[in-house]
Amino acid sequence: MEQPMLTGVKLPFCPGCGHGPSVKNISKALEQSGFSPLDVILVSDIGCSGLVDPLFATHTIHGLHGRSPALGMGISMGLSDPGKKVVVIQGDGGATIGLQHLLEAARRNVNMTLIVLNNLIYGMTGGQVSGLSTATFKADRKIEDHTPPFDICKLAHQAGASYVARVTSPKQFTERLTEAFRNPGFSLVEISSMCQPYGAGKMHDLECWVEDDVTLKNRREKIEIRRRKTASLFSKSEIINPEFDANAVTRTGVLIAGSAGGGVQAAARLLAGAGILSGLHSTMKGE
């Protein structure tokens, strides 16, 4: 049996949130495109969209707000295996904050797929409008902001993305995402998403507030990466060889806390190093 794309962890979203169906359709589209979990490198952003990390059984990287496309671009350009797929997930807030990163990836036509979960607001911080909040949404909510929104699909298309789509109905999510995942080069899918507390609580409202669905294509070849041989970063790293045999048989996590941070980090490094000396697979994460 093939390993499922999702871990089975309970969805962390509010009841009725549109991000839940999006996650399930992303998983389904990846599987239909022939990818296994370890073929996929998923980069997430900050915000509600950034809660997807534990849901996928793929490689995952949690980025900074708006900077996830830049991380995805770097990963894609550094990959030597064409069978891997880089998928970046961010919200409309992140897309606004890091717009230049998004456009640069589209301009270079880097081989990756960016999914923008657009619920028209900053959901995690109280429902403030974003650069993708439409004029009709703001007018109906009596929000006194007459600044025109970005059309992220047109911007990405004009920047050079080889495939762009906006989709509102969950019935079409899998089809559009599959097309994007199979596209060579940069693809962007803007998924209109409901937000019960602050955005659209009903599908009818969402359909009235979002821009029309669209599919745009540019005939372009994906970027060709010129590679050169350089010394490995590990060549200058200290190699720690095991000197002891540990009797640990189960995975163990240790949380070290304290004031300031320098001493905490040093203690964590000592503990991680001791684990490696004991023949264990040891990792350290600053939180």
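Above this note sits the structure.
Residues numbered from 1 in each chain as written. Predicted model: local features only at pLDDT ≥ 70, side-chain atom pairs only at ≥ 80, totals over all residues. Heavy atoms only, no water.

Draft legend 1. Summary view of a negative patch on the surface. Taken together, the side chains of Glu 207, Glu 211, Asp 212 and Asp 213 define an acidic patch exposed on the protein surface. Secondary-structure assignment places Asp 212 in the loop between α8 (203-209) and β9 (214-217). The class for Asp 212 is exposed, based on a relative accessible area of 64%. (Patch = residues over 30% accessible without salt bridge, like charges linked within 9 Å, V, L, I, M, F, W, Y side chains within 5 Å. Areas by Shrake-Rupley, 256 points an atom, 1.4 Å probe, with all protein chains shown as cover. Salt bridge = Lys/Arg side-chain N within 4 Å of Asp/Glu carboxyl O. Lys, Arg positive; Asp, Glu negative; His and termini not counted. Charge placed at Lys NZ, Arg CZ, Asp CG, Glu CD. Helix = DSSP H or I, 4+ residues; strand = E, 2+ residues; numbered from the N terminus. Buried < 20%, exposed > 50% of the residue type's maximum accessible area, 1.4 Å probe, protein only.)

Draft legend 2. Spatial organisation of helix α7 (residues 173-182). In terms of burial, α7 is a largely internal element, seven of the 10 residues being buried. Residues of α7 that are buried include every one of Phe 173, Thr 174, Arg 176, Leu 177, Thr 178, Ala 180 and Phe 181, and no others. For α7, the secondary structure elements touched by its buried residues are α1 (19-32), β3 (85-91), β4 (112-118), β7 (163-167), β8 (186-192) and β9. (Contact = heavy atoms within 4.5 Å.)

Draft legend 3. Here's a closer look at the packing of aromatic side chains. On inspection of all chains with the given rule, the structure shows one aromatic pair. Seen from their ring centres, Phe 137 and Trp 209 are 5.1 Å apart, and the 80 degrees between their planes marks the pair as edge-to-face. In this pair, Phe 137 sits in helix α5 (residues 135-140) while Trp 209 sits in helix α8, placing the two residues 72 residues apart along the sequence. Looking at Trp 209, the relative accessible area reads 8%, which means it is buried. (Phe/Tyr/Trp six-rings, centres within 6.5 Å; stacked < 30°, edge-to-face > 60°.)

Draft legend 4. Quick look at the sheet that holds β7. Pairing within the open sheet is mixed, and its seven strands lie in the order β2-β1-β3-β4-β8-β7-β9. With partners counted over all chains shown, the strands left at the sheet margins are β2 (59-62) and β9, one partner each. Averaged over all adjacent pairs, the angle separating strand axes in this sheet is 15 degrees, with direction ignored. Each of β3, β4 and β8 touches helix α4 (residues 99-108); the most contacted strand, β8, lies at about 135 degrees to it. (Pairing = 2+ DSSP bridges. Axes fitted to C-alpha atoms, helices over the stretch in contact; angles between N-to-C directions.)

Draft legend 5. Examining α4 more closely. Listed as buried for α4 are Leu 99, Leu 102, Leu 103, Glu 104, Ala 105 and Ala 106. Of the surrounding secondary structure, the elements contacted by the buried residues of α4 are α2 (68-78), β3, α3 (92-97), β4, α6 (152-159) and β8. Positive phi shows up at Asn 109, right after α4, with a value of about 55 degrees.

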